[in-house]
Amino acid sequence: MTSFKIPESVLVVIHTPALEVLLIERADQPGFWQSVTGSMDALDEPLALTAAREVLEETGISARPEDFRDWALANVYEIYPVWRHRYAPGVTRNTEHVFSLCVPPGTAVTLSPREHRAWQWLPWREAADRCFSPSNAEAVLMLPKFAA
């Protein structure tokens, strides 16, 4: 039996107090830089728990659900065709909930090589320019408002 992804996810902008943003490059799409993203594992999984789980899985950064700032912002977007097979037939749209996580400068990053191939810290404006996803770039540009 195939298990499909739930079309409800989180986008987590990881940043330092100086607003340097962590971006990670997708292993399956070289050149696609992004913040941490990931789908809920269960329909009843709290979004902050999804955020904490995905950050740990993708970056090795351990944080508690209460460490995340929920922006109370959700983006609904068309799922890229290259990834649509991961969802149930007929599912074409995803709802992405935006969070941020402030970490100390020099926080260690350990990537999941199956998912990502490189990481970098960039000033927030440069990070926004590097994001392949418009919703990710928009979130990074909004970071100064939510980090204050």
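Scroll up for the structure.
Residues numbered from 1 in each chain as written. Predicted model: local features only at pLDDT ≥ 70, side-chain atom pairs only at ≥ 80, totals over all residues. Heavy atoms only, no water.

(A) Spatial organisation of the environment of Ile61. Position of Ile61 among the secondary structure elements: in the loop between helix H1 (47-59) and strand E5 (69-78). The class for Ile61 is buried, based on a relative accessible area of 6%. For the pair Ile61 and Thr110, spaced 49 residues apart in sequence, the C-alpha separation works out to 7.6 Å. Those residues in contact with Ile61 that lie beyond four places of it in its chain are Ile14, Leu22, Val55, Leu56, Leu101, Val103, Thr107, Ala108 and Val109. (Helix = DSSP H or I, 4+ residues; strand = E, 2+ residues; numbered from the N terminus. Buried < 20%, exposed > 50% of the residue type's maximum accessible area, 1.4 Å probe, protein only. Contact = heavy atoms within 4.5 Å.)

(B) Structural view of helix H3 (residues 134-147). Taking 1.5 Å of rise per residue, 14 residues should cover 20 Å, and H3 covers 20 Å from first to last C-alpha, within 8% of that figure. Along H3, the sharpest change in direction is near 40° and occurs at Leu141; proline Pro144 comes one to four residues later. Listed in full, the buried residues belonging to H3 are Ser135, Asn136, Ala137, Ala139, Val140, Leu143 and Phe146. For H3, the elements touching its buried residues are strand E1 (8-15), strand E2 (20-26), strand E3 (33-34), E5, strand E6 (93-102) and helix H2 (124-130). (Expected span 1.5 Å × (residues − 1). Bend = angle between axes of the 7 residues up to and from the residue.)

(C) A look at H1. Between its terminal C-alpha atoms H1 stretches 18 Å, which fits the 18 Å expected from 13 residues at 1.5 Å a residue. Among the residues of H1, those classed as buried are Thr50, Ala51, Ala52, Arg53, Glu54, Val55, Glu58 and Thr59. Looking at the buried positions of H1, the neighbouring elements they touch are E1, E2, strand E4 (36-39), E6 and strand E7 (116-123). Within two residues after H1, Gly60 carries a phi angle of roughly 80°, on the positive side.

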